[in-house]
Amino acid sequence: MKKLIVILCLLLSACAHNTAPVIPNWPTAPADLQQTAAELTPLEPDQRNLSDLLDNANNNYTQYYILKEKYEGWQNWYNTQQKIWQGLE
Amino acid sequence: MFELIVNHFLGNVPVWIFPFMAGAGFATFIIAGIAEHIEPVRIYALIARPISIIVMVVGVFLYGGAGVIAVQQAALQEAQNKVKMAEQAAADATKQLADNLASQEHLVKGRGYGVGQMIKQDRAVINADCKRINDQAWADYNRAVKNAGSVPVK
């Protein structure tokens with residue numbers, strides 16, 4: 001009778017190894033962050049004034065600041081998603 | 001295959017059937033035990049006894065499986081809800097970041113444009129002392145822009 005009780009208890013754990021996986025979808029980063037970085041613009045051969053150089057430098061600096069925003073955007077996006085992802089564990 | 005059959009069985013048969021099977025098996029086992037001592041039905045009792053044990057064991061096994069599946073389904077539902085909330089949070093965060101990024105980019109371009117306008121206005125003053133930048137300065141500047149410098153060998 002004792003053996004029967006033990007066997008019945010074991011049987012009650014039937015199929016306990018079955019686990020259904022739940023896989024969250026990896027989010028897509030903002031489209032702006034996925035664009036290819038623009039190249040800096042050199043001076044054209046006919047641009048020989050100091051004002052041309054300043055203007056060109058200004059355009060390139062603007063380009064740098066846009067890329068800086070995108071770079072920080074990537075870091076921000078990754079850290080936020082990581083926090084959300086870790087909350088699932 | 002065995003697992004598939006059991007899962008199919010558990011998913012398609014009402015749960016109350018399993019304790020009923022186990023109870024019926026146990027009752028038959030007891031009745032057959034008594035009936036063994038009654039000569040006219042002894043032969044039936046001897047056959048019924050092992051069958052009743054099998055029915056009881058299968059009933060208990062499937063009842064246990066049904067319980068485990070119910071617990072797992074609850075856990076699965078909870079996990080799915082959690083994932084759904086996380087996906088929503090991730091999408092919201094992404095949208096907020098995209099909006100913020102677009103706004104920052106707009107500001108950066110605006111400020112760059114402002115500086116460009118200032119340079120245009122001050123063109124005469126800027127160029128007053130330096131009419132034409134020298135060729136070497138022009139070439140070095142472009143090297144810097146293209147990041148095409150090399151260490152000079154002395």
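Structural data are supplied above this passage.
Residues numbered from 1 in each chain as written. Chains lettered and ligands numbered in written order. Predicted model: local features only at pLDDT ≥ 70, side-chain atom pairs only at ≥ 80, totals over all residues. Heavy atoms only, no water.

### A look at the packing of helix H2 (residues 17-35) of chain B against helix H3 (residues 42-121) of chain B
All names here are of chain B.
Step number 1: The geometry of H2 relative to H3 is characterised by a closest axis approach of 7 Å and an angle of 155° between their N-to-C directions. By the criterion of interaxial angle, the relationship of H2 to H3 is roughly antiparallel. As for the relative orientation of H2 and H3, their crossing is left-handed in sense.
Step number 2: Classifying every residue of the contact of H2 with H3 gives 18 nonpolar, five polar and two charged. (Axes fitted to C-alpha atoms, helices over the stretch in contact; angles between N-to-C directions. Helix = DSSP H or I, 4+ residues; strand = E, 2+ residues; numbered from the N terminus. Parallel < 35°, antiparallel > 145°, perpendicular 65-115°, else oblique. Left-handed = near helix turned anticlockwise from the far one by under 90°. Nonpolar A, V, L, I, M, F, W, Y, C, P; charged D, E, K, R; others polar.)

### Observations concerning the pattern of salt bridges
Step number 1: Under the defined criterion, the tally for this structure stands at eight salt bridges over all chains.
Step number 2: The partner of Arg48 of chain A in a salt bridge is Asp135 of chain B, with the nearest N and O atoms 2.4 Å apart. Placement of the pair is Arg48 of chain A in the loop between helix H1 (2-11) and helix H2 (50-86) and Asp135 of chain B in helix H5 (residues 135-146), with the two residues belonging to separate chains.
Step number 3: A salt bridge links Arg123 of chain B to Asp52 of chain A; the shortest N-O distance between them is 3.7 Å. With Arg123 of chain B in helix H4 (residues 123-128) and Asp52 of chain A in helix H2, this pair bridges two chains.
Step number 4: A single network of salt bridges, built from pairs that share partners, joins Arg48 of chain A together with Arg132 and Asp135 of chain B. (Salt bridge = Lys/Arg side-chain N within 4 Å of Asp/Glu carboxyl O.)

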